[in-house]
Amino acid sequence: MIIQRVIRGITGISENDARRILTVGILCNWWYKVRTLPRDEIPVRLSERNLDWHQNRYDDPDPLENREVFRRHTPFISTTAGTVERDMFRLTNILTPAWQVALNFATRGLRQDGYLFYCYLFIIGRQAVTLEPFSEELRELNIYRGFSLYQPQGEITAKIIIPPAQIERAEFWSASDALQAVARGLLPAADPSRTLLNSLFVRPENFNNVRDFLS
Amino acid sequence: MREQLSDLRLDLETIELDRKFCQGLGSVYLKSAEHAEADERRHTLWAFAATNFRRAAAHAILLGDSRSATKLFSEASRAYASLRMPYALMMLALSGHLEESSDVIGRIHQSTRPEIDQGSQALQKQSVYMLVFNAATMRQNRGEDSTAVRAFEPMQRRLGAFDSSPIGILGLPVGCYIDLANALADSRGSNIEEALFPFLSAYNTAMRQAALNSFHWSRLLMPFHPVEPDILSLLALTHVAFTTRKRRRSVFVLLKKYPLSWSSRAILHGALTQLLPAA
């Protein structure tokens, strides 16, 4: 098992919302929708079909849920680690730092402000869709077997919840500040005075095999 | 191309903002790479720069800004060449500055390779880009005597070991690239249409799959790009092969022969019209 650092970008939330997330965790949209989670439904929801819809049909009406768009009831949570393996870059010619991918999601393509949540997830190096504690890696590079258009983003998909203990901090990012920074030849950065540290965070260094995200 | 963005369900403002951002980040990372002390870190920063320039260039084509696009592809080419990656030649083909190829090849072949490159099979597979580039740009046909022709066969034999290995954003097998190189180097060029088919078919499938996902598609939240440089560069090199050997063939006529979706055809035709000097 590997402990993988990841970043989750969330758009359209206030500072209070971000503080609340540090307390209760990052929940999947399905949990937000039903409010009280029916635990007995989790094994049914964590299916390969739903993972495929989460990756490829996120905004489509779902025939299994009265044509409600899939994102409203997805049991999965997208995060990014960037492309971690050097050889993967030499095969795809694409290498993007995790923060850049997450920022794009958090700011709706640099059009509004957002938060980046720095977390860690547990992965086991093979597909385990039905196992709730383990997250899924999208790293396959083969159009004929599990090819994904999103694979070089280094997406790691969490399930149901990223608990508070696994969230280190939330950074506020201003889209306009980020654009202005690169225009001045500087690497964009979050405003440190608006970064929220999580007192419930448990350091992964207490465990083995911590693998960093790409920065 | 810009006028077609709404028909393609792409958001103009998002593309303009991301173009600015990627172009700026490319420059920032390039500057940071110059000051990086450790080899490993410098390589990562060059890779970030190359990726951002490549994406900004593809955005520029969507926006109809071919002048910026060629400049950005040149920047991408230089960054990939700094990484000794033959993919630099594909970016060069899109920049239109083929006269710089000996310089780019020189940088790729620099004798002092850092330790982190040693034994990388992925880097060896990258040679397939040089094979395709050489096939498209050599003035002689196979069987005739020249340095380029003499170098072709051994390179092809070495790459044969990776025939079924995937490479590029669409994960097409190295063997498909070898087939295309052979077709481009052939005196009659009669197999070019067949050799391009796997690339255009994969592109068409990827476009359809990507467009189905409206959330990611409209915001281009994916590494695959509608103006996919992996595919566009192969078409640009096919055009180069036609003009270098004075074959009276056109890549536009060739494109018409494939059963592509409206969006695939519109994007490829629009991009080639912007990039090819004779178009």
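Residues numbered from 1 in each chain as written. Chains lettered and ligands numbered in written order. Predicted model: local features only at pLDDT ≥ 70, side-chain atom pairs only at ≥ 80, totals over all residues. Heavy atoms only, no water.

Engineer: Requested: an account of the interface of chain B and chain A, with residues and values cited.
Structural biologist: Across the contact, 56 residues belong to chain B and 44 residues belong to chain A. Approximately 4,500 Å² of surface area, both sides summed, lies buried where chain B meets chain A, with 60% of it carried by carbon and sulfur atoms. Linking chain B with chain A are 2 salt bridges, by the criterion used here. For the salt bridge of R111 of chain A with E13 of chain B, the shortest nitrogen-to-oxygen distance reads 3.5 Å. Between the two partners, chain B and chain A, sit 13 residue pairs in polar contact (both at pLDDT 80 or more). (Contact = heavy atoms within 4.5 Å. Buried area = accessible area lost by both parts, 1.4 Å probe. Salt bridge = Lys/Arg side-chain N within 4 Å of Asp/Glu carboxyl O. Polar contact = N/O pair within 3.5 Å; in protein donor to acceptor, adjacent residues only side chain to side chain.)

Engineer: I'd love a proper account of helix α8 (residues 147–159) of chain B, names of residues and values included.
Structural biologist: Taking 1.5 Å of rise per residue, 13 residues should cover 18 Å, and α8 of chain B covers 19 Å from first to last C-alpha, within 8% of that figure. Here the buried face of α8 of chain B lies against α6 (121–125), α7 (127–137) and α9 (174–185) of chain B. (Helix = DSSP H or I, 4+ residues; strand = E, 2+ residues; numbered from the N terminus. Expected span 1.5 Å × (residues − 1).)

Engineer: Outline helix α2 (residues 39–62) of chain B, listing residues and values.
Structural biologist: Residues and elements named next belong to chain B. With 24 residues, α2 ought to run about 34 Å at 1.5 Å a step, and its terminal C-alpha atoms sit 35 Å apart, in line with that. In terms of burial, α2 is a largely internal element, 20 of the 24 residues being buried. Positive backbone phi, approximately 75 degrees, marks G64, located one or two places after α2. (Buried < 20%, exposed > 50% of the residue type's maximum accessible area, 1.4 Å probe, protein only.)

Engineer: With reference to specific residues and values, describe the state of the cysteines.
Structural biologist: Tallying each qualifying case throughout the model produces 0 disulfides over all chains. Summary of cysteine pairing: C119 of chain A is not part of a disulfide, and the nearest cysteine sulfur, belonging to C28 of chain A, is at 14 Å. (Disulfide = S-S within 2.5 Å.)

Engineer: Describe the packing of helix α4 (residues 87–95) of chain B against helix α5 (residues 101–108) of chain B, and please don't skip the residues or the numbers.
Structural biologist: Residues and elements named next belong to chain B. Orientation of α4 relative to α5, taken along the N-to-C sense of each, is 160 degrees, at an axis distance of 10 Å. Taken together, the axes of α4 and α5 lie roughly antiparallel to each other. Seen along the crossing, α4 lies across α5 with a hand that is right-handed. Between α4, through A88, L89 and L92, and α5, the contact on the second element is made entirely by S101, V104, I105 and I108. Taken together, the residues that form the contact of α4 with α5 break down as 6 nonpolar, 1 polar and no charged. (Axes fitted to C-alpha atoms, helices over the stretch in contact; angles between N-to-C directions. Parallel < 35°, antiparallel > 145°, perpendicular 65-115°, else oblique. Left-handed = near helix turned anticlockwise from the far one by under 90°. Nonpolar A, V, L, I, M, F, W, Y, C, P; charged D, E, K, R; others polar.)

Engineer: Please set out the pattern of salt bridges residue by residue, giving values where relevant.
Structural biologist: Two side chains carrying opposite charge are able to pair once their charged atoms lie near each other. Residue and element names in this part refer to chain A. Taken as a whole and assessed by the stated rule, the structure comprises 24 salt bridges over all chains. We note a salt bridge from K33 to E68, for which the minimum N-O separation is 3.1 Å. Taken together, the positions of K33 in helix α2 (residues 29–34) and E68 in strand β4 (residues 68–69) put the pair 35 residues apart, joining distant regions of the chain. A relative accessible area of 35% places K33 in the partly exposed class.

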